[in-house]
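Listed below, chain by chain, are the residues.
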Amino acid sequence: MIAIRDLGKRFGRSEVLRSIDLGIRRGRVTAIVGPNAAGKTTLLKMILGLTRPDRGELLFDGVRVNGDPAYRSRIGYMPQSPRFPDHLTGNELIALMTDLRAPTTSTLDRELIDQFGLARELDKPLRTLSGGTRQKVNAVLAFLFDPELLILDEPTAGLDPVASGVLKSKIARSRAAGKTFILTSHIMSELEELADDVAFLLEGRVQFVGALHDLKLHTREFTLERAVASIMTSMEAA
Amino acid sequence: MTALTTAIKVVKFELSDLARSRWLLAYVLSVALVTDALLRFNGADQRAVLGLVNVVLLIVPLVAVTFGTMHLYARRDFIELLLAQPLRRPHIFLGLYLGLTIPVSLGMIVGVAVPAAWHGAWTASLTGALGTLLAVALALTAVFVALAFCIAVRCEDKVRGLAIAMAVWMAFAVLYDGAVLLLVSIFADAPLERPILAAMLANPVDLARVLLLLQLDISALMGYTGAVLKNAFGSVQGLILATAALSLWVAVPLWLGGRSFVRKDF
């Protein structure tokens, strides 16, 4: 679904992405993992066109991403713990997004609202909601328009175990229905539960990409966490 | 989807959000309080309007540039969310700009117009002056919100951005006139009409002052640049020139800010 070739980006003196080559396959959950400041969020933002690459190319269904916003109607994005406008209520935010996206189908996916038990919270100003509740609203917005591709940046951060479970089963169901996911997380057990493919980012490059069990074979480690740690140690030794 | 529909949707959202802003409410109430006091102590006459001129020339740019800068920083995450939707960046930028300029200038207009009506100041002799005052307040708001957006888009650091905004206000509203006067006194013997005119066009606050005072026709309070303008052009031509220059002062920062917004990495 997405092909990335030799993607590079620098911010001032720091070269965030050196050379990224990566393919995202349709109908699969691809996890981008890596230490802090490895460029995970930058990569997600580039796929969305929020950040422009200095070098290389990024193809969405074979078409180069170059400022035409139409392809984004096929994407749902869940940014990392965003700050929403202070005075708006959740329902108003949902109405605004619906108004702006003008979806072709009239049915919105409001399933998560019920499952999170959010209905009453959506009448309150977003500023008065707790961080976890705002993250639930964030998740609702990403799934609302039934997009083909969902880009989730740290989706379960700030969610309690129950809500986190709700979101994870939603991801699993949507994947079974043929949706594609790109997500980042620091919780390895969670990625192990959800991800089909793993792309491991370190120092602006993809150090490993492939199916989760290949990564484990590759490093002869049993869990993802240990596999990642083993790659990082071998990088430092080199 | 045409350019206007996206922008209008963003404007509508901004209006409903800012209508609940305590900050904006405080601005409207302060303006109303000052207007009320001026009309109460001076009576509904030209002196009260002159008092308001000073408020407009100092406070409107300050509020527009600081509120504008802070507002765009506060919207940062929300802008990212908007940019992730199938919308064009220039349309979002235009929506954000109008969405702030309209409520802030409306706030000023309501703050002046309502107490003025209360004191019966909308008389035949004062309506022209008050109308010009409000039009100039609107123009200054448009200019300084555009400058604020230009600063906030280009400057990543919030504290630095706000400092630049304050410096811009200081330069245009306070220091500029002093510098012009200093130059005039240094080069007292040289023919200065053209340089002074150029200096006036280069400062939106000066332009606004001239527009107001040409309209109020109070030459004693016009300041040096205003006197030069009036001598050089007479009222109508001066009015056209000043209006054209003010429009440029909206268009240029808005264009620069919009260009940076379109190219920016979020």
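Owing to the predicted nature of the structure, the values given are computational and were not obtained by experimental measurement.

1. Points about the overall build of chain B
- Across its full length, chain B carries ten helices and zero strands.
- Along chain B, helices (α) and strands (β) appear in the sequence α-α-α-α-α-α-α-α-α-α when read from the amino end.
- Against the compact-globule benchmark of 18 Å for 266 residues, chain B has a radius of gyration of 19 Å, which places it among compact chains.
- Seen along its three principal axes, the alpha-carbon backbone of chain B occupies a region of about 55 × 45 × 35 Å.
- A burial count over chain B gives 53% of its 266 residues as buried.
- Excluding contacts between residues fewer than 6 apart, the proportion of contacts in chain B whose partners are at least 24 apart in sequence is 82%.

2. Here we look at the side chain of Glu14 of chain B
All names here are of chain B.
- If you trace the backbone, Glu14 turns up in helix α1 (residues 3-18).
- A residue is classified by how much of its surface remains accessible, and Glu14, at 0% relative accessible area, is buried.
- Those residues within four positions of Glu14 in sequence are excluded, and the remaining contacts are His71, Arg75, Leu96 and Gly99.

3. Some thoughts on the interface of chain B and chain A
- With 28 residues of chain B at the contact, the number on the chain A side is 33 residues.
- When the two sides are added together, the surface that chain B and chain A hide from each other amounts to roughly 2700 Å², 57% of it contributed by carbon and sulfur.
- Taken as a group, Leu81, Pro86 and Asp265 of chain B account for 21% of the area that chain B buries against chain A, more than any other trio of residues on that side.
- Taken together, the connections running from chain B to chain A amount to five salt bridges.
- Put simply, Lys9 of chain A and Asp265 of chain B hold a salt bridge, and the shortest N to O gap is 2.4 Å.
- The element that contributes the greatest number of residues to the side of chain B that touches chain A is α1 of chain B, accounting for seven residues.
- Of the residues in the side of chain B that touches chain A, the class split is 13 nonpolar, four polar and eleven charged.

4. So, the packing of aromatic side chains
All names here are of chain B.
- Tallied over the entire structure, the rule returns ten aromatic pairs over all chains.
- Ring geometry for Phe93 and Phe261: centres 5.1 Å apart, planes at 40°, overall tilted. A residue pair is termed long-range when its members are at least 10 positions apart, and Phe93 in helix α5 (residues 89-118) and Phe261 in helix α10 (residues 223-263) qualify at 168 residues.
- Given a relative accessible area of 5%, Phe93 falls into the buried group.
- Measuring from ring centre to ring centre gives 5.3 Å for Phe172 and Trp249, while their planes differ by 80°; the resulting arrangement is edge-to-face. Placement of Phe172 in helix α7 (residues 158-186) and of Trp249 in helix α10 is noted, with a sequence separation of 77 residues between them. Trp249 carries the same exposure label as Phe172, and that label is buried.
- Site record: aromatic cluster; members linked through ring pairs are Phe93, Tyr97, Phe149, Phe261 and Phe266.
- Its guanidinium or amino end placed over the ring of Phe266, Lys264 lies 5.5 Å from that ring's centre, counting from NZ or CZ.

5. Quick notes on the pairing of strand β7 (residues 149-153) of chain A
Residue and element names in this part refer to chain A.
- Within β7, five of the five residues are buried, leaving the element largely enclosed by the surrounding structure.
- Here β7 shows a buried face lined by Leu149, Ile151 and Asp153 and a second buried face lined by Leu150 and Leu152.
- Two elements, strand β6 (residues 75-78) and β7, share four bridges in a ladder whose sense is parallel. Its bridge partner being in β7, Tyr77 is matched across the sheet by Ile151.
- Sheet topology places β7 next to strand β8 (residues 180-184); five bridges connect them, and they run parallel. Among the inter-strand pairings, Leu152 is bridged to a residue of β8, identified as Leu183.
- Each parallel crossover has a hand, and for β7 linked through helix α5 (residues 161-176) to β8 it is right-handed.

Conventions used here
Residues numbered from 1 in each chain as written. Chains lettered and ligands numbered in written order. Predicted model: local features only at pLDDT ≥ 70, side-chain atom pairs only at ≥ 80, totals over all residues. Heavy atoms only, no water. Helix = DSSP H or I, 4+ residues; strand = E, 2+ residues; numbered from the N terminus. Rg over C-alpha atoms; globule rule 2.2 N^0.38 Å. Buried < 20%, exposed > 50% of the residue type's maximum accessible area, 1.4 Å probe, protein only. Contact = heavy atoms within 4.5 Å. Buried area = accessible area lost by both parts, 1.4 Å probe. Salt bridge = Lys/Arg side-chain N within 4 Å of Asp/Glu carboxyl O. Nonpolar A, V, L, I, M, F, W, Y, C, P; charged D, E, K, R; others polar. Phe/Tyr/Trp six-rings, centres within 6.5 Å; stacked < 30°, edge-to-face > 60°. Lys NZ or Arg CZ within 6 Å of the ring centre and 35° of its normal. Pairing = 2+ DSSP bridges. Right-handed = clockwise from strand over helix to strand, strands pointing away.

Read these as layout, nothing more, since geometry by itself doesn't imply function.
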